[in-house]
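Single-letter residue listing:
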Amino acid sequence: MAATAAAAGPAVDGVLPAGAALTLALIQALDDTGTAARLWCLTRAATVVAPSDGGGDPDQELVWGLGRVAALEHPQRWGGLVDVPAVLDARSAQHLVAVLADGREDQISIRVAGAFARRLVTAGSGASDGPAGSVAGEWRPSGTVLVTGGTGALGAHVARWLAARGAPHLLLAGRRGAMAPGVAELVAELRGLGTEVTVAACDVADRAAVVEMLDAVPGQWPLSAVVHAAGTGAVSPIAHSTAEGFAAVLRAKSAGADILEDVLGETPLDAFVVFGSVAGVWGAGGQAAYSAANAYLDALVRRRRARGLTGTSVAWGPWAGDGMAGHDGTDEYLARRGLLPMEPQRAVAALARAVDGGDACILVADVDWARFALSFTASRPQPLLADIPAVRAAQVAADRDETAGERSGELRARLAALTGPVRTGALVEAVQRHAALVLGYANPTALRVDRALQELGLDSLTAVELRNQLSRAVGESLPATIVFDHPTVRALATELDAVLFGAAEDPDDEDANVRRVLATIPVARLRDAGLLDALMRLTDRGTGPSDPPAEPDAIDQLDGEDLLRLALGDRDH
């Protein structure tokens, strides 16, 4: 199935193009209807392969950001992204048919000369976005430098860097202006470095407010550079996203950059830097809108450079401390998956190199590629990373290690030769191994098989990833809620056994049958029936209050009669 993302129509809330909104709706509809066909999304003259392509189309690049997340959340259904020329001639059409038939690449730009696959390459490898707008050499800021999001944690680090480089005047813009926490101390620090500072309360998604702010720039310090660090994201899987929610994320991130671009027009600047995220480069589960917004920023910079203007887009990995990911345990979660928080000093040094070197679109992140690649490619291949040496090495090592994960259906084939407790044990071990990979545990045996996976770090995103991994391993489409409905390794393994081979109940083994039934009942159903508290009070087996507490594994030591008495007896009380 193929769909074009270049649809005409009014934008949702003025910022979400019709093509992107319809693509979102189409992905959701395929999920709702259970359609098995793979979806390929086509854009037209959206990407830039060569200077002759011009600046591309940022609006259609939103679909590429959305598609990268669809590949992670719906790996069995997603086909890929293809950009075709503005005029699809016969030769380009032949390339398109060949790409769709081959299916090995999932991000391709087709031109008359051939098909070009998208790749992430290490800095200094020779890849370049072209020389337009280059400012090679150490940039020395002059006049006024505008920093949007300048009152936030990242903006403060950037402001210090600019002041250290001798910026005469910094204009720090934020929604709360001088009322933001820590602003007074930051201003005093910057003035101590010899830089004059103005703090403006401005929503950069409000065009009138941006115009008013820029009109007030002092004549003695004309605007010379912009660093757009404002923006925010929201976690929402594609299945639960709305067009309005999508638009809200775009308004906070990409719309502000677009307004600055529009208001400034052809104004010559020494630097125009936008802060993006790795989510825009390779996608991030649950962050389709944020990924799309950051893909838009890359496209906006390429469009600027095609016009001969300066432009640098930096896709950041997580910063340590109070940066993009330094809250609510997000930094720890990302580190387990191979994305390590960067110290702000290192991040700012990388920013300086990017601006000094005239880079267009660059990713700056501290990545443990071996760990990241195994997790990122667990559900489907990711050709984007194929040319990174560390990823190739990790993949070779994983291919040699049978425990790194099964090829599609391989686990099911191995299990089919087993029966009884041997098959049960093999399933428990397999689920434990896959859960450890998803959750970032180096030693799978560290995951207790009867402990709730949510207590071990599982969330909505990793639950989807675990489901996808298990689906691929057993060669069977599994329900989206299977991990939450069967929340422990043992319960999940029991359910997989039933799905793959049918419930093999032994009428003479009442204890095993009761445990199997209990393991398949969703926690929510037990809670609604008033049984959850009873089952959790496993220490009540004794005859008096002095009985010692039972270990969490005590359920394995109860027979069927005990379990039924515990549940039904307590409920009657």
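Structural data are supplied above this passage.
Described in the following lines is the structure provided in the data block.

Cut-offs used in this document
- Residues numbered from 1 in each chain as written.
- Predicted model: local features only at pLDDT ≥ 70, side-chain atom pairs only at ≥ 80, totals over all residues.
- Heavy atoms only, no water.
- Helix = DSSP H or I, 4+ residues; strand = E, 2+ residues; numbered from the N terminus.
- Buried < 20%, exposed > 50% of the residue type's maximum accessible area, 1.4 Å probe, protein only.
- Contact = heavy atoms within 4.5 Å.
- Areas by Shrake-Rupley, 256 points an atom, 1.4 Å probe, with all protein chains shown as cover.
- Salt bridge = Lys/Arg side-chain N within 4 Å of Asp/Glu carboxyl O.
- Pairing = 2+ DSSP bridges.
- Expected span 1.5 Å × (residues − 1).
- Arc of directions from axis to C-beta.
- Phe/Tyr/Trp six-rings, centres within 6.5 Å; stacked < 30°, edge-to-face > 60°.
- Lys NZ or Arg CZ within 6 Å of the ring centre and 35° of its normal.
- Axes fitted to C-alpha atoms, helices over the stretch in contact; angles between N-to-C directions.
- Polar contact = N/O pair within 3.5 Å; in protein donor to acceptor, adjacent residues only side chain to side chain.
- 1 Å grid on protein atoms, 1.4 Å probe; cavity = no way out; pocket = protein on both sides within 12 Å on 5 of 7 lines; lining within 4 Å.
- Points joined across faces, edges and corners; volume = space filled by probe spheres on them.
- Nonpolar A, V, L, I, M, F, W, Y, C, P; charged D, E, K, R; others polar.

**Some words on the overall build of the chain**
Across its full length, the chain holds 23 helices and 14 strands. In the chain, buried positions account for 49% of the 573 residues. Restricting the contact set of the chain to residue pairs at least 6 apart, pairs at least 24 apart contribute 72%. If you sum the accessible surface of the chain, you get close to 25,500 Å²; carbon and sulfur atoms cover 53% of it.

**Thoughts on the pattern of salt bridges**
On inspection of all chains with the given rule, the structure shows 24 salt bridges. When the shortest N-O distance is used, the salt bridge between Arg 175 and Asp 203 registers 3.7 Å. Here Asp 203 lies in the loop between strand 8 (196–201) and helix 6 (207–215) and Arg 175 lies in the loop between strand 7 (169–174) and helix 5 (183–192), a separation of 28 residues in the sequence. Residue class for Arg 175 comes out exposed when judged on its relative accessible area of 63%. Asp 203 gets classed as partly exposed once you look at its relative accessible area, which sits at 27%. Beyond isolated ion pairs, a larger network of salt bridges with shared partners links Glu 261, Glu 266, Arg 304 and Arg 307.

**As for the pairing of strand 5 (residues 114–117)**
As paired strands, strand 4 (residues 107–111) and strand 5 are joined by 4 bridges and run antiparallel to one another. In the sheet register, Ile 110 faces strand 5, and the bridge partner there is Ala 115. Between the end of strand 4 and the start of strand 5, which pair antiparallel, lie 2 residues.

**Comments concerning helix 3 (residues 90–102)**
Taking 1.5 Å per residue, 13 residues should reach 18 Å; helix 3 reaches 18 Å between its end C-alpha atoms and fits that length. For helix 3, the complete set of buried residues consists of Ser 92, Leu 96 and Val 99. Taken around the axis of helix 3, the buried residues stretch over an arc of 65 degrees, which confines them to a single face. Looking at helix 3, the residues exposed on the side facing more than 90 degrees away from the buried face are Ala 90, Gln 94, Val 97 and Ala 101. Structurally, helix 3 contributes buried residues whose contacts are with strand 2 (39–44), strand 3 (78–84), strand 4 and strand 5.

**Here we look at the packing of aromatic side chains**
According to the stated counting rule, one finds 8 aromatic pairs in the structure shown. When the centroid spacing of 5.4 Å and the interplanar angle of 70 degrees are considered together, the rings of Phe 275 and Trp 316 count as edge-to-face. Placement of the pair is Phe 275 in strand 10 (residues 271–277) and Trp 316 in strand 11 (residues 312–316), with a sequence separation of 41 residues. A residue is classified by how much of its surface remains accessible, and Phe 275, at 0% relative accessible area, is buried. Members of the aromatic cluster, joined through ring pairs, are Trp 282, Trp 369, Phe 372 and Phe 376. For the cation-ring pair, Arg 304 lies above Phe 272, with the distance from its terminal atom to the ring centre recorded as 4.1 Å. Note that Arg 423 overlies the ring of Phe 501, its terminal NZ or CZ placed 4.2 Å from the centroid.

**Some points on the sheet that holds strand 8**
Ordered by their spatial adjacency, 7 strands build an open sheet running 8-7-6-9-10-11-13, and the pairing between neighbours is parallel. Of all the strands in the sheet, just strand 8 and strand 13 (361–364) have a single pairing partner and so form its edges. Strand after strand, the sheet turns through a mean of 20 degrees between neighbouring axes, direction not considered. As paired strands, strand 11 and strand 13 are joined by 4 bridges and run parallel to one another.

**Quick word on the environment of Ala 435**
Mapping Ala 435 onto the fold places it in helix 16 (residues 420–439). Overall, the relative accessible area of 0% leaves Ala 435 in the buried class. For the pair Ala 435 and Leu 453, spaced 18 residues apart in sequence, the C-alpha separation works out to 8.3 Å. Those residues in contact with Ala 435 that lie beyond four places of it in its chain are Leu 447, Leu 453 and Leu 466.

**A look at the side chain of Arg 423**
The residue Arg 423 is located in helix 16 in this model. With residues near it in sequence (within four places) discarded, Arg 423 still touches Leu 415, Leu 418, Asp 497 and Phe 501.

**Details of the environment of Ala 167**
Locating Ala 167 in the fold gives a position in the loop between helix 4 (153–164) and strand 7. Separated by 24 residues in sequence, Ala 167 and Gly 143 have C-alpha atoms that sit 7.0 Å apart. Excluding residues within four positions of it along the chain, Ala 167 makes contact with Pro 141, Leu 162 and Thr 195.

**Observations regarding helix 6**
Inspection of helix 6 places Val 210, Met 213 and Leu 214 among the buried residues, and these make up the whole buried set. Along the axis of helix 6, the buried positions cluster into a sector of 95 degrees, meaning they face one direction only. Exposed side of helix 6, more than 90 degrees from the buried face: Ala 208, Glu 212 and Asp 215 are the residues found there. Regarding helix 6, its N-cap is Asp 206, as a side-chain oxygen of that residue lies 3.1 Å from the backbone nitrogen of Ala 208 further along.

**As for empty space enclosed by the protein**
For the coordinates displayed, the defined rule picks out 3 cavities of 30 Å³ or more. The computed volume of the largest cavity comes to approximately 60 Å³. Surrounding the largest cavity, Gly 67, Arg 68, Ala 71, Leu 72, Trp 78, Leu 81, Asp 106, Gln 107, Trp 282, Phe 376 and Gln 382 form its lining. Sorting the residues of the lining of the largest cavity by element identifies helix 2 (58–73) and strand 3 as the ones contributing at least two each. If you tally residues by element for the lining of the largest cavity, the top one is helix 2, at 4 residues. A class-by-class count of the residues in the lining of the largest cavity yields 6 nonpolar, 3 polar and 2 charged.

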